Amino acid sequence: MSTRVFLLTLALCISLSSASASAARFPSIPKPTATAAVSPIQQACKSTRFPDTCRASLTKKIHDLPPNPTPLQTLQLALNVSSDGLNTAKKMVSDILKTAAGSQNRTTAAKNCLDFLQNSEYRISLTNDGLSSGRTKTARAAMSSALMYQYDCWSAFKYANDTQLVVSTMSFINDTLTVDSSNALSMIFSYENFGNDTKSWTPPKTERDGFWEPVTPGSHKSPPELSIPKNLMADVTVCKDKGVKCYRTIQEAVNAAPENSDKKFVIQINAGVYEEIVKVPLGKRNVVFLGQGMGKTVITGSLFVGQPGISTYNSATVGVYGDGFMARDVTFQNTAGPDAQQEVHQAVAFRSDSDHSIIENCEFLGHQDTLYAHGNRQFYKSCKIQGNVDFIFGNSAAIFEGCTILIAPRQVNPEKGEKNAVTAHGRTDPAQATGFVFRNCFINGTEEYMKLYNINPKVHLNFLGRPWKEFSRTVFLNCSMEALVSKEGWLPWSEEFALATLYYGEYGNSGPGADLAGRVKWSSRIPVQHVGAYSVQNFIQGDEWLVSN
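Residues numbered from 1 in each chain as written. Predicted model: local features only at pLDDT ≥ 70, side-chain atom pairs only at ≥ 80, totals over all residues. Heavy atoms only, no water.

If you check an unreviewed UniProt entry, the protein chain appears there as pectinesterase from Rosa chinensis. Per UniProt, the comment on the protein chain under Catalytic activity (unreviewed entry) is "[(1->4)-alpha-D-galacturonosyl methyl ester](n) + n H2O = [(1->4)-alpha-D-galacturonosyl](n) + n methanol + n H(+)". In its Pathway (unreviewed entry) section, UniProt records this for the protein chain: "Glycan metabolism; pectin degradation; 2-dehydro-3-deoxy-D-gluconate from pectin: step 1/5." (UniProt positions renumbered as here; feature names shortened; annotations may be inferred.)

Dropping the structure here:
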């Protein structure tokens, strides 16, 4: 070995030895990690229905958390996971739409799904706003809707899953997106009920489990007189009168409303029959329909499931997305009837997705699926609702105050008899703050139906509701029920489905159809101390947005 090589080797050895000694005396500082956040994630995920998925999805984004996150920060991380999945789903559905030109069913499903996902995205943003401002009930209501729209997106493809792209999209929405959103909603449920004490957080429970959420003191008392303001001035008018300056269609008047306005846009709809399909988009907020009375101002259509490109959702004569919608003194109607070839099934007269919505002194006429109270918080006062099969349905949090509910004859061979259900509530998750509440309502049949019923009551069977989805929730409080309500009260959907998880409750009802002695064993008598849970204040937070005269 040459002297030069020896010296170089010696220098290298001395250098390595020195570096090793230095490392021993001054160990390298590891990169910062969020290990401290693992425990809060594990604790929060114990409150969900899918804890393993929750831990896995949140741990992937653990570096988005501070070292010692608050419960709210962990919850907001869960919302971010849901939002990421939502963006993925939107891209997948957009790809389906691009390739759906040859399939009307797939095109309709993809368009509906994109509408649902847009609304879900909006509701998640409202969830974040509610949490940041300390309005946890509002946050939970919004996230309940966000999850509902994701489920509806998946459901829209059930009868159009004819390509691998549709199958993979449905799988992602069902197995990933709705699971992540359910986990976030479960955390909100615990955060609302137990605050920052995550050790008390628990998977969501319902009244059926014996769990009753706290109520506002005094909320069991009769609410103040709540209604649409009496002094509203029309911004535009719709009329049938020739020679009068006004809009000729209701849709034109809706289109004239400003986008995303916090001010009410009042549309006066003069007496007349308006044959049109009306849509109030998400961006048209605080739109008000003022008619001139039930049966005088009539909006009518005849779409039904079975027509090309028509789903239950699309069949509505009037469909409302924009929040803050109000209507008074209007009849909403779907006249779809049987033809020579087929009996009509789902045919919606009115569909609402409007949060903070008030409908007063309005009439809803149809047969199957008349009133689609689809989502968010709604208040119906002094309305008349008529139909036969599941004619009040959806997954909203809706209160019906002082309404008249009438069962109408079936469209084909009505004398042969039938089984009718007034309601079909569609809650899919126990943490969703949704359900139907009927207060001081009257349940009977139309004059035509009662003639058939009185001839042979044994074949005309009528029920208060049946469970459309697993956690269906419907209650009747202080209502008057005529004899046509069957002694069992409630009807199964299919065998044992949802009978152990639904909540169907009654309290203080009267009339020959209100006797609880023969009720099905899976219905409930609401304890008097918990009646306040279904007040306007507690159930839809009406004290924050309903107007008291």
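Still more to cover.
1. Notes on the overall build of the protein chain
Secondary structure assignment for the protein chain yields 10 helices and 26 strands. Principal axes of the C-alpha set define a box for the protein chain whose edges measure 120 × 55 × 50 Å. Within the span of the protein chain, comprising 549 residues, buried residues form 55% of the whole. Total accessible area computed for the protein chain in this model is approximately 23,600 Å², and 52% of it derives from carbon and sulfur atoms. (Helix = DSSP H or I, 4+ residues; strand = E, 2+ residues; numbered from the N terminus. Buried < 20%, exposed > 50% of the residue type's maximum accessible area, 1.4 Å probe, protein only. Areas by Shrake-Rupley, 256 points an atom, 1.4 Å probe, with all protein chains shown as cover.)

2. Digging into the pattern of salt bridges
Throughout the structure, instances matching the rule amount to 24 salt bridges. Its salt-bridge partner being R473, residue E207 comes within 2.8 Å of it at the nearest N-O pair. Of the two residues, E207 sits in the loop between α7 (164-194) and β1 (236-238) while R473 sits in strand β23 (residues 473-477), which places them 266 residues apart along the sequence. Here E401 makes a salt bridge to R439, at a shortest N to O gap of 3.0 Å. Of the two residues, E401 is situated in strand β17 (residues 397-401) and R439 in strand β20 (residues 435-439); the sequence distance between them amounts to 38 residues. Pair check on accessibility: E401 and R439 agree, each one buried. By sharing partners, the salt bridges in this structure join K137, R140, E192 and E213 into a single network. (Salt bridge = Lys/Arg side-chain N within 4 Å of Asp/Glu carboxyl O.)

3. Quick word on the nonpolar core
Of all hydrophobic cores here, the largest spans 58 residues; its most connected members are F289, Y380 and F400. For this core, the two domains that each supply at least three residues are domain 2 (234-387) and domain 3 (397-548). Counting 52 residues, the second largest nonpolar core, distinct from the first, contains M92, F116, F157 and M187. (Core = buried A, V, L, I, M, F, W, Y, C linked by side-chain atoms within 4.5 Å. Domains from an automatic or database assignment.)

4. Some thoughts on the pairing of strand β11 (residues 357-360)
Alternating residues of β11 divide into S357 and I359 and I358 and E360, and every residue in both groups is buried. Taken together, the 3 bridges between strand β8 (residues 326-328) and β11 define a ladder with parallel strand orientation. Counted as the bridge partner of R328 is E360 from β11. Note: β11 against strand β14 (residues 377-381), 4 bridges, orientation parallel. The partner of I358 across the bridge, within β14, is F379. (Pairing = 2+ DSSP bridges.)

5. Regarding the sheet that holds strand β6 (residues 297-301)
Strand order in the open sheet made by the 8 strands is β3-β6-β9-β12-β15-β18-β21-β24, with parallel pairing throughout. Of all strands in the sheet, those with a lone pairing partner are β3 (272-275) and β24 (480-481), marking the two edges. In the sheet, strand β18 (residues 404-407) pairs with strand β21 (residues 442-445) via 4 bridges, with the strands oriented parallel. Across the sheet, I405 pairs through a bridge with I443, a residue of β21.

6. Concerning helix α9 (residues 447-455)
Looking at α9, one finds that the buried residues are Y449, M450, L452 and Y453. Down the axis of α9, the buried set is contained in an arc of 160°. They therefore lie on one face. In α9, the exposed positions that point more than 90 degrees away from the buried face belong to E447, E448, K451, N454 and I455. Close packing links the buried residues of α9 with β18, β19 (418-425), β21 and β22 (460-465). (Arc of directions from axis to C-beta. Contact = heavy atoms within 4.5 Å.)

7. Considering the sheet that holds β20
The strand order β1-β2-β5-β8-β11-β14-β17-β20-β23-β25-β26 describes an open sheet built from 11 strands, whose pairing is parallel. The open sheet has two edge strands, β1 and β26 (524-525), and neither has a second partner.

8. Digging into the state of the cysteines
For the structure shown, the criterion picks out 3 disulfides. At a sulfur-sulfur separation of 2.0 Å, the disulfide partner of C45 is C54. Torsion about the S-S bond of the C45 and C54 cystine: about -70°, corresponding to left-handed handedness. Grouping residues by exposure puts C45 and C54 together as buried. One disulfide in the model links C239 with C246; its S-S distance is 1.9 Å. Around the S-S axis, the bridge from C239 to C246 shows a dihedral of about -70° and counts as left-handed. (Disulfide = S-S within 2.5 Å.)

9. With respect to the packing of helix α6 (residues 136-156) against α7
Orientation of α6 relative to α7, taken along the N-to-C sense of each, is 165°, at an axis distance of 9 Å. In terms of their interaxial angle, α6 and α7 are classed as roughly antiparallel. The two elements α6 and α7 meet at a crossing, and its hand is left-handed. For the contact of α6 with α7, a count of residues per class yields 14 nonpolar, 8 polar and 3 charged. (Axes fitted to C-alpha atoms, helices over the stretch in contact; angles between N-to-C directions. Parallel < 35°, antiparallel > 145°, perpendicular 65-115°, else oblique. Left-handed = near helix turned anticlockwise from the far one by under 90°. Nonpolar A, V, L, I, M, F, W, Y, C, P; charged D, E, K, R; others polar.)

10. Examining the domain arrangement of the protein chain
Assigned domains within the protein chain: domain 1 (40-205), domain 2 (234-387) and domain 3 (397-548). Taking the mean C-alpha position of each, domain 1 and domain 3 sit 30 Å from one another. In terms of surface lost to domain 3, no three residues of domain 1 exceed R49, K137 and Y151, which account for 39% of the buried area on that side. If you look at where domain 1 meets domain 3, you find 1 salt bridge. We note a salt bridge from R49 to D429, for which the minimum N-O separation is 3.1 Å. Our count for the domain 1 to domain 3 interface comes out at 6 residue pairs in polar contact (both at pLDDT 80 or more). Those elements that place two or more of their residues in the side of domain 1 that touches domain 3 are α6 and α7. Counting residues per element, the side of domain 1 that touches domain 3 draws most heavily on α6, at 7 residues. Among the residues forming the side of domain 1 that touches domain 3, the class breakdown is 6 nonpolar, 4 polar and 4 charged. (Buried area = accessible area lost by both parts, 1.4 Å probe. Polar contact = N/O pair within 3.5 Å; in protein donor to acceptor, adjacent residues only side chain to side chain.)

11. What to know about the side chain of Q386
Tracing the sequence through the fold places Q386 in strand β15 (residues 384-387). The buried category is assigned to Q386, whose relative accessible area is 18%. Excluding residues that lie within four positions of it along the chain, Q386 makes contacts with F364, L365, G366, T370, F391, L406, A408 and T446.

12. Considerations on the packing of aromatic side chains
Evaluated as defined, the whole model comprises 26 aromatic pairs. Ring plane angle 20° and centroid distance 4.2 Å describe the contact between W490 and Y504, whose orientation is recorded as stacked. Taken together, the residues W490 in the loop between β24 and β25 (503-507) and Y504 in strand β25 connect sequence positions 14 residues apart. Residue W490 shares its accessibility class with Y504, and that shared class is buried. A centroid spacing of 6.0 Å and a plane angle of 55° characterise the contact between Y534 and F539, whose relative ring orientation is tilted. A single burial state applies to Y534 and to F539, both of which are buried. (Phe/Tyr/Trp six-rings, centres within 6.5 Å; stacked < 30°, edge-to-face > 60°.)

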